[in-house]
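Listed below are the residues making up each chain.
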Amino acid sequence: MSKEKTEGQKLAEELLYTRPHAGEADAALNRAADDFCVGYKAFLDNGKTERDVTSYTVKLLEQAGYVPFVPGTAYAAGAKVYLNNRGKSVIAATIGKKPLAEGVHMNIAHTDAPRLDVKPNPLYESSELALLKTHYYGGVRKYQWVATPLALHGVMYKADGTQVNVCIGEEEGDPVFCITDLLPHLGAEQNERKLSEGIKGEELNIVVGSLPYADKEVKDRVKLLALKLLNEKYGVTERDFITAELEAVPAFKARDVGFDRALIGAYGHDDRVDAYPALVAEMETKLPAYTTVCVLTDKEEIGSEGVTGLNSMYVFHFLQQLCAAAGQDAILCFQHSKCLSADVTAAFDPTFPSAFEAQNSTYVGKGVAISKYTGSRGKGGANDAPAELVSYFTRIFDAAGAAWQIGELGRVDQGGGGTVAKYVASHDIDTMDVGVPVLSMHSPYELVAKIDVYMAYKAFKAFNDCAE
Ligand code: MN
Ligand code: MN
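Only a predicted model underlies this, so the values are computations on that prediction, with no experimental measurement involved. (Residues numbered from 1 in each chain as written. Chains lettered and ligands numbered in written order. Predicted model: local features only at pLDDT ≥ 70, side-chain atom pairs only at ≥ 80, totals over all residues. Heavy atoms only, no water.)

Visitor: Could you give an account of the overall build of the protein, naming the residues involved and the relevant values?
Guide: Tallying secondary structure elements over the protein gives 11 helices and 21 strands in all. Principal-axis analysis of the C-alpha atoms places the extent of the protein at approximately 85 × 60 × 40 Å. Within the protein, the proportion of its 468 residues that are buried is 51%. Of the contacts made within the protein by residues no fewer than 6 positions apart, 75% connect residues no fewer than 24 positions apart. (Helix = DSSP H or I, 4+ residues; strand = E, 2+ residues; numbered from the N terminus. Buried < 20%, exposed > 50% of the residue type's maximum accessible area, 1.4 Å probe, protein only. Contact = heavy atoms within 4.5 Å.)

Written as structure tokens, this is what we have:
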């Protein structure tokens, strides 16, 4: 029997802002999120690197009827095209009913993730172990990357230019690789180091072999046997490490976490957890009012540099070429476009509350997170989306039942981070940051809530379907 609400309770309901768990209103939402995340976990397991994500994405796009973009072609409304940028980033678009000069709706996420890149001259033998030297990519807490199984992914080019795709450590029965750490019994000296130096950059050396080649006449016999095995599998020599991009990534697969299975633990949620929902929303979009453009980009973790990062012109060249073939003004197109710059944010962690400001934090399970601004030290480097744009997006999310929350990444002056938002806004395109909140962000095993992944999808889809 429900008691009648008091005047104060009614007033509180009317005036106060609250943000409950995103699945609380309807249990069916949690089930829908669980179903949605089956595909997401497969995406994670098939996409440990930006190259892997790109080839898996192209496969999904082709299955969904997308065809390679051909510059100079005037596409009809409803046409679906994709552009594979050098095997490391991909653009997918569905042509809308409105002219391109009225703008496009863009969802952008990144698919590179923090990892350990193999150096150009990596292989050496020391004390009868063969090891690979690495240089970490992106922001990593180095002590988290030792004593954990690693897989090697990437490409090598032979002297004659033949490309070899390398992947070791993912298949059942594959060997894995590992960086060692000291045992506690001998850790006294290392324990005196600051946590940030607990493991130093030049200590991130991966053990790849321990058996000597059976000929005592040669030196570095363990290294030689490792090279012989690599040569047997891939036909490569030591020289071919120079013309290679090999990335060491955690070897484990995505798993449900918790008694209730409501979280997913995996490597590389940042930012495949936004890339996958944006991709699915794009693939499901049919005959939109505005042309929809989904970008899964590279190099965000090192500042969006390089030809496959958002600081390159590749996305804007694509839009310019699309406009040119349609006889539309590209500048008008940019000025009237809107963009969701998707990237993860840090979820409030109850074990480390002092890093956060609780009232302006985002929480796992409360929906996709809006960041009006990112940056650090007085919003430095932030896009800072205008209130008008926050109002536009929150209205369309609300109308579509896409649960959202808003917050900052940590306490003021605690640290901060950047996203691709400013590289889109610099082209005169209205841009707002959104993303799924993550626990243990940038670690080898990050956690996200399934309901937030699903709400991110609903948010991207609402934007694609919006005729406003
Ligand atoms: Mn990110
Ligand atoms: Mn990141």
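Visitor: How would you sum up the coordination of the manganese ion (ligand 1)? Please name residues and give values.
Guide: H110 (NE2), D270 (OD), D343 (OD) and D343 (OD) make up the full set of protein donors to the manganese ion (ligand 1), lying at 2.0 to 2.6 Å. Motif for the manganese ion (ligand 1), donor spacing along one chain: H-x159-D-x72-D. If you look at the manganese ion (ligand 1) and the manganese ion (ligand 2), they sit 3.1 Å from each other and are both ligated by D270. In this pair, D270 is assigned in helix α6 (residues 269-284) and D343 in the loop between β15 (338-342) and β16 (345-346), connecting sequence segments 73 residues apart. (Donors = N, O, S within 2.8 Å, 3.2 Å for Na, K, Ca; no water.)

Visitor: Tell me what's going on with the packing of aromatic side chains, and back it up with residues and numbers.
Guide: Per the counting criterion, the structure on display carries 19 aromatic pairs. On the numbers, 5.1 Å between centres and 50° between planes, the contact of F43 with Y276 is tilted. Taken together, the residues span a long stretch of sequence, with F43 in helix α2 (residues 27-46) and Y276 in helix α6 at a distance of 233 residues. Judged on exposure class, the residue F43 and its partner Y276 are both buried. One aromatic cluster in this structure is built from F36, Y40, F43, Y56, Y276, Y454 and Y457. Directly above the aromatic system of W404 lies the positively charged group of R19, at a separation of 4.9 Å from the ring centroid. The aromatic ring of Y392 is capped on one face by K338, whose charged end is 4.5 Å from the ring centroid. (Phe/Tyr/Trp six-rings, centres within 6.5 Å; stacked < 30°, edge-to-face > 60°. Lys NZ or Arg CZ within 6 Å of the ring centre and 35° of its normal.)

Visitor: Any details on α6? Residues and values, ideally.
Guide: If you check α6, its first and last C-alpha atoms are 22 Å apart, about what 16 residues at 1.5 Å a residue would give, namely 22 Å. For α6, a buried count of 15 out of 16 residues is recorded, marking the element as mostly surrounded by other parts of the structure. (Expected span 1.5 Å × (residues − 1).)

Visitor: I'd like to hear about the environment of L447, residue by residue, with values.
Guide: Relative to the assigned elements, L447 resides in strand β21 (residues 446-449). Sequence separation of L447 and L319 is 128 residues, and the distance between their C-alpha atoms is 35 Å. The contact partners of L447, leaving out residues within four places of it in the chain, are V257, L263, I264, G265, H269, P437, V438 and L439.

Visitor: Quick one: what's the story with the pairing of strand β10 (residues 205-209), residue by residue and with numbers?
Guide: Note that strand β6 (residues 129-137) and β10 share 4 bridges and pair antiparallel. For A130, the partnering residue across the bridge sits in β10 and is G209. Of the pairings in the sheet, the one linking strand β9 (residues 178-179) to β10 comprises 2 bridges and is antiparallel in character. Bridge pairing in β10 places C178 opposite V207. (Pairing = 2+ DSSP bridges.)

Visitor: Which residues make up the sheet that holds strand β13 (residues 263-266), and what values go with them?
Guide: Spatial strand order, β12-β13-β21: 3 strands in an open sheet with antiparallel pairing. Of all the strands in the sheet, the pair left with one neighbour each is β12 (255-257) and β21. Shown here is a sheet whose adjacent strand axes are inclined to one another by a mean of 35°, direction ignored. Here β13 runs beside β21; their pairing, made up of 4 bridges, is antiparallel. Among the inter-strand pairings, I264 is bridged to a residue of β21, identified as V448. Sheet strands in contact with α6 are β13 and β21, and its direction is about 30° off that of β21. (Axes fitted to C-alpha atoms, helices over the stretch in contact; angles between N-to-C directions.)

Visitor: Describe the pattern of salt bridges, naming the residues involved and giving the relevant values.
Guide: Going through the model one piece at a time under the given rule, you end up with 24 salt bridges. When the shortest N-O distance is used, the salt bridge between K41 and D256 registers 2.7 Å. One end of the pair, K41, is in helix α2; the other, D256, is in strand β12, with 215 residues separating them in the sequence. We classify D256 as partly exposed; its relative accessible area is 23%. Measuring nitrogen to oxygen at the nearest pair gives 3.1 Å for the salt bridge that ties R395 to E468. Of the two residues, R395 is situated in helix α9 (residues 387-400) and E468 in the segment after α11 (450-465); the sequence distance between them amounts to 73 residues. Ionic contacts of the salt-bridge type, sharing partners, join the residues D34, K41, D256, R261 and K450 into one network. (Salt bridge = Lys/Arg side-chain N within 4 Å of Asp/Glu carboxyl O.)

Visitor: Give a description of the environment of Q328 that names residues and reports values.
Guide: Its location among the elements puts Q328 in the loop between α7 (314-326) and α8 (330-336). On a C-alpha basis, the gap between Q328 and L100 in space is 6.3 Å, while along the polypeptide they are 228 residues apart. Filtering out sequence-adjacent residues up to four positions away, Q328 remains in contact with P99, L100, A101 and C323.

Visitor: A description of the environment of A289 should follow, citing residues and the corresponding values.
Guide: Considering the arrangement of structural elements, one finds A289 in the loop between α6 and β14 (291-297). Excluding residues within four positions of it along the chain, A289 makes contact with G96, K97, K98, C466 and A467.

Visitor: Got a sec to walk through unusual backbone geometry? Specific residues and values, please.
Guide: Note the cis peptide between D270 and D271, where omega equals 5°. With respect to the helices, strands and loops of the structure, D271 is situated in helix α6. The phi angle at S304 is positive, at roughly 60°, despite the residue not being glycine. Position of S304 relative to the elements: it lies in the loop between β14 and α7. Residue D384 is not a glycine yet carries a positive backbone phi of 50°. Mapped onto the elements of the fold, D384 is located in the loop between β17 (368-371) and α9.

No statement about biological role is implied by the geometric values presented.
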